[in-house]
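# Residue-level structural notes
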Amino acid sequence: MVQTLYTQKDSNVRKTWLLVTTSLVLVIALGWFFSYLLQSTAILYFAIVFAIVTNLIAYWHSDKIALAMSGAHQLQRNDNVELFRIIENLSITAGLPMPRIYLIDSRQINAFATGRDAKHAAIAVTAGALAELNKNELEGVIAHELSHIGNRDILVSTIVVVLAGVIAILADWFFRISFFGGMRSRDDDRGGGNYMMLIGIIFAILAPLAATLIQLAVSRKREYLADASGALLTRYPEGLANALEKIRGDEVSLRMATNATAHLFISSPFKGKQGTSWLAKLFLTHPPLEDRIKILRNMELNQ
């Protein structure tokens, strides 16, 4: 398991740099393409600045963006002493700094971790998790999220939140450029104008798919590894298994859930909205809860 954890850490570091580099190159390349077609160097300059700024924001402030998008507010120790004690004890056991703790005012049972590294990490839990989970179950969920921090999942996961949003902005931006650029060039080159509009429409259609694929770059295997690591941390796999059972039976919706932040949570926040076809399952950001529960209970039996 130790070798697997170190492999996962190294993989996440490489994956982070790959996502940042790819997004930087993609935005600049698209900026050059449209500046060439519209004969406007201003578009290329804007794309370069936009790419650099969004990547800097993604690295330094993506955790704040993810927490804000989820409607989370920070807790102080006096707000929930028992929760702080649980996280403190598990953090000491895991050899990690104490993360900041946030609360999401929702009756759905869920949680997520975010931050660029262990020293700047945060864990957000829903009010539903605090109300519905017993101590062992809550410890299992917290241990799972601390494992994401220890495995360095949180940086790549949180950066994806910003990059997925950037793709959505680019889709709208280039569609508008294509439309108005195409309209402007019709008098001189009607075929060229239609060509520009067609490119813009194709890009707008494919952009949501690209955002989903970027989210899936954060492999679903990380959830299995965090489950296993969390179970080893508490030495009680049944606690997390029981928590996932309750999450599976929870039908409460999370009002602040978005496609950009869904992959952060311990389980998909879109209750009752997931498709059951093979194509829908292909694009799930989380592995099936049934599989995760089965693996955890097999760990319990094998101890």
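Numbering of residues starts from 1 in each chain and follows the order in which that chain's sequence is written. At least 70 in pLDDT is required for a residue's local features to be given in this predicted model, at least 80 for side-chain atom pairs to be given and counted, and no such filter applies to totals for whole chains, interfaces and linings, which use all residues. To obtain the side-chain values, all non-hydrogen atoms of the structure were included, while hydrogens and water were left out.

Attention shifts here to the overall build of the protein. What counts as a helix is a DSSP run of H or I of at least four residues, what counts as a strand is a run of E of at least two, and both are numbered from the N terminus. Check the secondary structure of the protein and you find eleven helices and four strands. Scored against the burial criterion, the 303 residues of the protein give a buried share of 48%. When checking whether two residues touch, look at their non-hydrogen atoms; a contact exists if any pair is within 4.5 Å. Of all intrachain contacts in the protein linking residues separated by at least 6 positions in sequence, the fraction that spans at least 24 positions is 71%. Carbon and sulfur atoms provide 61% of the accessible area of the protein, an area that totals close to 15,100 Å². Think of it in three bands: with a 1.4 Å probe and only protein chains considered, a residue is buried below 20% of the maximum accessible area for its type, exposed above 50%, and partly exposed in between. Each accessible area value is a Shrake-Rupley result obtained with a 1.4 Å probe; residue values ignore everything except the protein chains displayed when judging cover.

The geometry of an aromatic ring pair is captured by the separation of the ring centres together with the interplanar angle, meaning the angle of the planes. Each pair of aromatic rings taken from Phe, Tyr and Trp, with Trp reduced to its six-membered ring, is defined by centres within 6.5 Å and is described as stacked if the planes are under 30 degrees apart, edge-to-face if over 60, and tilted in the remaining cases. Counted under the stated rule, the structure contains three aromatic pairs. Both rings, one in Phe46 and one in Phe50, keep their centres 5.8 Å apart while their planes meet at 20°; by these two values the pair is stacked. Of this pair, Phe46 and Phe50 are both found in helix H2 (residues 41–69), four residues apart, which corresponds to roughly one turn of the helix. On the basis of an interplanar angle of 85° and a centroid distance of 5.0 Å, the ring pair of Tyr59 and Trp60 is categorised as edge-to-face. By relative accessible area, which is 31% here, Tyr59 ends up partly exposed. We classify Trp60 as partly exposed; its relative accessible area is 42%.

Glancing now at helix H5 (residues 135–150). To estimate how far a helix should reach, multiply one less than its number of residues by 1.5 Å. Its 16 residues give H5 an end-to-end C-alpha distance of 22 Å, which sits within 8% of 22 Å, the value for a rise of 1.5 Å per residue. Burial within H5 is extensive, with twelve of its 16 residues counted as buried. Looking at H5, one finds that the buried residues are Glu137, Leu138, Gly140, Val141, Ile142, Ala143, His144, Glu145, Leu146, Ser147, His148 and Ile149. Think of a polar contact as two N or O atoms within 3.5 Å of one another; within protein, one of them needs to be a possible hydrogen donor and the other a possible acceptor, and neighboring residues in sequence only count if both atoms come from side chains. Between the side-chain oxygen at the start of H5 and the backbone nitrogen of Asn136 there is a gap of 3.1 Å, and the oxygen is on Asn134. Backbone geometry just after H5 places Arg152 at a positive phi near 65°.

This brings us to the packing of H5 against helix H9 (residues 237–249). Only C-alpha atoms enter the line fits that serve as axes; for helices the fit covers just the stretch in contact. Angles between N-to-C directions range over 0 to 180 degrees. H9 packs onto H5 with a crossing angle of 95° between their chain directions and a minimal axis gap of 7 Å. When the interaxial angle is binned, H5 and H9 end up roughly perpendicular. Of the residues in H9, those touching H5 at Asn136, Glu137, Gly140, Val141 and His144 are Gly239, Leu240, Asn242, Ala243 and Lys246. For the contact of H5 with H9, the per-class residue count stands at three nonpolar, five polar and two charged. By the definition adopted for this analysis, an angle is roughly parallel if under 35 degrees, roughly antiparallel if over 145, roughly perpendicular if from 65 to 115, and oblique otherwise. In the scheme used here, Gly and all other residues not listed as nonpolar or charged are polar, with Ala, Val, Leu, Ile, Met, Phe, Trp, Tyr, Cys and Pro taken as nonpolar and Asp, Glu, Lys and Arg as charged.

This brings us to the sheet that holds strand E4 (residues 122–126). Here the rule is simple: two strands pair whenever DSSP picks up at least two bridges between them. Pairing is mixed in the open sheet, where four strands are placed in the order E1-E2-E4-E3. Pairing within the sheet leaves two strands with one partner each, and these edge strands are strand E1 (72–74) and strand E3 (111–114). With strand direction ignored, the average angle separating the axes of adjacent strands in the sheet is 25°. Looking at chain direction, strand E2 (residues 100–104) and E4 are connected through five bridges and run parallel. Looking at E4, one finds that Arg100 is bridged to Ala122.

Confidence in the prediction of the protein, expressed as mean pLDDT, is 80, and 72% of residues score 70 or more. pLDDT under 50 marks residues 1–5. Its contacts with residues more than four places away, or in other chains, come to seven contacts. Taken together, the stretch residues 275–280 has pLDDT below 50 and engages in two contacts with residues farther than four places along the chain or on a different chain. One confidence number per residue, pLDDT, is output by the predictor and ranges from 0 to 100.

Counting buried positions along E4 yields five of five residues, so the element is predominantly enclosed. Both faces of E4 are covered, namely the face carrying Ala122, Ala124 and Thr126 and the face carrying Ile123 and Val125. Summarising the sheet, E3 and E4 pair through four bridges and their orientation is antiparallel. Directly across from Ala111, in E4, lies its bridge partner Val125.

Within the secondary structure, Asp227 is located in helix H8 (residues 221–234). Given the relative accessible area of 3%, Asp227 is considered buried. Discounting chain neighbours no more than four positions away, the residues touching Asp227 are His144, Leu240, Leu244, Arg292 and Leu296.

Moving on, we come to the environment of Ser23. Of note, Ser23 is situated in helix H1 (residues 2–38). When its relative accessible area of 14% is taken as the criterion, Ser23 is described as buried. What Ser23 contacts, discounting residues up to four positions off in sequence, is Asn55 and Leu163.

Another aspect to go through is the nonpolar core. Side-chain atoms within 4.5 Å link the members of a nonpolar core, which is a set of buried Ala, Val, Leu, Ile, Met, Phe, Trp, Tyr and Cys residues. Within the largest apolar cluster, 35 residues are counted, with the highest numbers of intra-cluster contacts made by Leu83, Ile142, Leu146, Ile149 and Leu244. Elements with a contribution of two residues or more to this core: helix H3 (81–94), E2, E3, E4, H5, H8, H9 and helix H11 (289–302). The element that contributes the greatest number of residues to this core is H5, accounting for six residues. Residue contacts for Leu244: discarding those within four places in its chain leaves Asp227, Ile266, Leu289, Arg292, Ile293 and Leu296. Grouped together as the second largest cluster of nonpolar side chains are 16 residues, Leu67, Tyr102, Phe112 and Ala257 included.

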